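# Close look at the chain arrangement
If you want the building blocks of each chain, they are given just below.
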Amino acid sequence: MTRPLLLCAAVSGFVTVALGAFGAHALGDTLSGRMLTVWQTAVQYQGLHTLALLAIGLLALHCPDARWIRRSGWLMLLGILLFSGSLYLMALSGIRVLGLVTPFGGLCLLAGWAALAYAIYRLPAERAP
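A few points on the structure. For clarity, every value in this text was computed on a predicted model and none was experimentally measured.

## A short note on the overall build of the protein chain
The number of helices and strands found in the protein chain is 4 helices and 0 strands. Secondary structure elements of the protein chain, listed N to C terminal, follow the sequence α-α-α-α. C-alpha extents for the protein chain along the principal axes are approximately 55 × 25 × 20 Å. Within the protein chain, the fraction of its 129 residues that count as buried is 40%. For the protein chain, the proportion of contacts with a sequence separation of at least 24, taken over those separated by at least 6, is 74%. Total accessible area computed for the protein chain in this model is approximately 7400 Å², and 72% of it derives from carbon and sulfur atoms.

Spelled out as structure tokens, the structure:
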């Protein structure tokens, strides 16, 4: 189950760069200042958590029997989709009610970090990286 996490990290990295460039070059004159800030927040959180997802995938290769590491990765991915995805959609559509989804994405990101901390805590001392 590690390969899908790494593939998702690679795709998310590509999408992060593409959406960041799209926001900077195509949306600058289209979106309001507030919605452009929302877009930038989505890109920043996606980029940061994409790197975390990549690290989690690599850690999962090193510790294949640590299921909490993989769980943390899936939580991060869900968090990216819900948090950044809702912000992208809100910025493009102007439908502010989509902002109600964003905190659920944030909770998934927090849960992903907590699951990662738990997974690392549970690693035997001789297996810890």
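## Describing helix α1 (residues 2–25)
The end-to-end C-alpha distance of α1, which contains 24 residues, comes to 35 Å, matching closely the 34 Å that a straight helix rising 1.5 Å per residue would cover. Here α1 has its buried residues at Thr2, Leu5, Leu6, Ala9, Ser12, Thr16 and Gly23. The secondary structure elements touched by the buried residues of α1 are α2 (33–62) and α3 (67–93).

## A look at the nonpolar core
Core analysis: the largest hydrophobic core is formed by 30 residues, its most contacted members being Leu31, Trp39 and Ile69. Those elements that provide at least two residues to this core are α1, α2, α3 and α4 (102–122). Element by element, the count of residues in this core is highest for α2, at 11 residues. With sequence-adjacent residues up to four places away left out, tryptophan 39 is seen in contact with Leu19, Phe22, Gly23, Leu27, Leu31, Tyr88, Ala91 and Leu92.

## A word on the side chain of serine 72
Of note, serine 72 is situated in helix α3. Filtering out sequence-adjacent residues up to four positions away, serine 72 remains in contact with Ile56, Gly112, Ala115 and Leu116.

Reading the values: the criteria
Residues numbered from 1 in each chain as written. Predicted model: local features only at pLDDT ≥ 70, side-chain atom pairs only at ≥ 80, totals over all residues. Heavy atoms only, no water. Helix = DSSP H or I, 4+ residues; strand = E, 2+ residues; numbered from the N terminus. Buried < 20%, exposed > 50% of the residue type's maximum accessible area, 1.4 Å probe, protein only. Contact = heavy atoms within 4.5 Å. Areas by Shrake-Rupley, 256 points an atom, 1.4 Å probe, with all protein chains shown as cover. Expected span 1.5 Å × (residues − 1). Core = buried A, V, L, I, M, F, W, Y, C linked by side-chain atoms within 4.5 Å.

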